[in-house]
Amino acid sequence: MQRRPLYCRIALPSRGSNSAPGTHRPQAVRTREGVYCNSCLHLITSLEFKAVINGQHQHTMFNPAGLLFELCCFWQAPGMVNSGKPSTDFSWFSGYGWQASLCGNCRRHLGWRFSGPQPTFFALITNRLLFGTAP
Ligand SMILES: [Zn+2]
């Protein structure tokens, strides 16, 4: 019985019903940073869609032509448009097909959409993006 008051003390601060309703919401919105095309500042996706693929959010990959790409992965990228049909040739992620993915506004190539038996994700080229709150 002596343990119970301790539990009550821990639970008390989380009641929070005295604070005005909605005071927590603006903070939650402020943490939703955007990811933008660095050519035209079009909103591509948000950090809330960050994906961890094969244990990592960021990947460094070479394409067959020897070009190096620093990539970061997202589950969704609503600001992109996809180009061409999915191909599995030289896919960086085993079991996934890829399509080039372009900025929905200026059509710059910003990365690839990977689709396969597991959830679809986007691998975006880090140095073609801007990270932050709305410019
Ligand atoms: Zn753009």
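Above this text sits the structure in question.
Conventions and cut-offs
- Residues numbered from 1 in each chain as written.
- Predicted model: local features only at pLDDT ≥ 70, side-chain atom pairs only at ≥ 80, totals over all residues.
- Heavy atoms only, no water.
- Donors = N, O, S within 2.8 Å, 3.2 Å for Na, K, Ca; no water.
- Tetrahedral: all angles 85-135°; square planar, octahedral: opposite > 155°, others 65-115°.
- Helix = DSSP H or I, 4+ residues; strand = E, 2+ residues; numbered from the N terminus.
- Buried < 20%, exposed > 50% of the residue type's maximum accessible area, 1.4 Å probe, protein only.

Enquirer: What is the right way to read the coordination of the zinc ion from this model?
Expert: Octahedral six-donor coordination of a metal ideally yields angles of 90 or 180 degrees, compared with 109.5 degrees for tetrahedral four-donor coordination. Looking at the metal site, the zinc ion is ligated by Cys37 (SG), Cys40 (SG), Cys103 (SG) and Cys106 (SG), spaced 2.3 Å from it. One can describe the site at the zinc ion as tetrahedral: its four donor atoms subtend angles covering 103 to 114° at the metal. For the zinc ion, all donor residues lie on one chain, and their spacing in sequence is C-x2-C-x62-C-x2-C.

Enquirer: It is not clear to me how unusual backbone geometry should be interpreted in this structure. Could you clarify?
Expert: Excluding glycine, residues mostly have negative phi values, and the peptide bonds linking residues are mostly trans. Non-glycine residue Leu41 carries a positive phi angle of around 65°. Along the polypeptide, Leu41 turns up in the loop between strand S1 (34-37) and strand S2 (43-46). You can call Leu41 partly exposed: its relative accessible area is 41%. Backbone geometry places Asn54, a non-glycine residue, at a positive phi of 50°. Here Asn54 shows up in the loop between S2 and strand S3 (58-62). Here Asn54 falls in the exposed class, since its relative accessible area comes to 62%.

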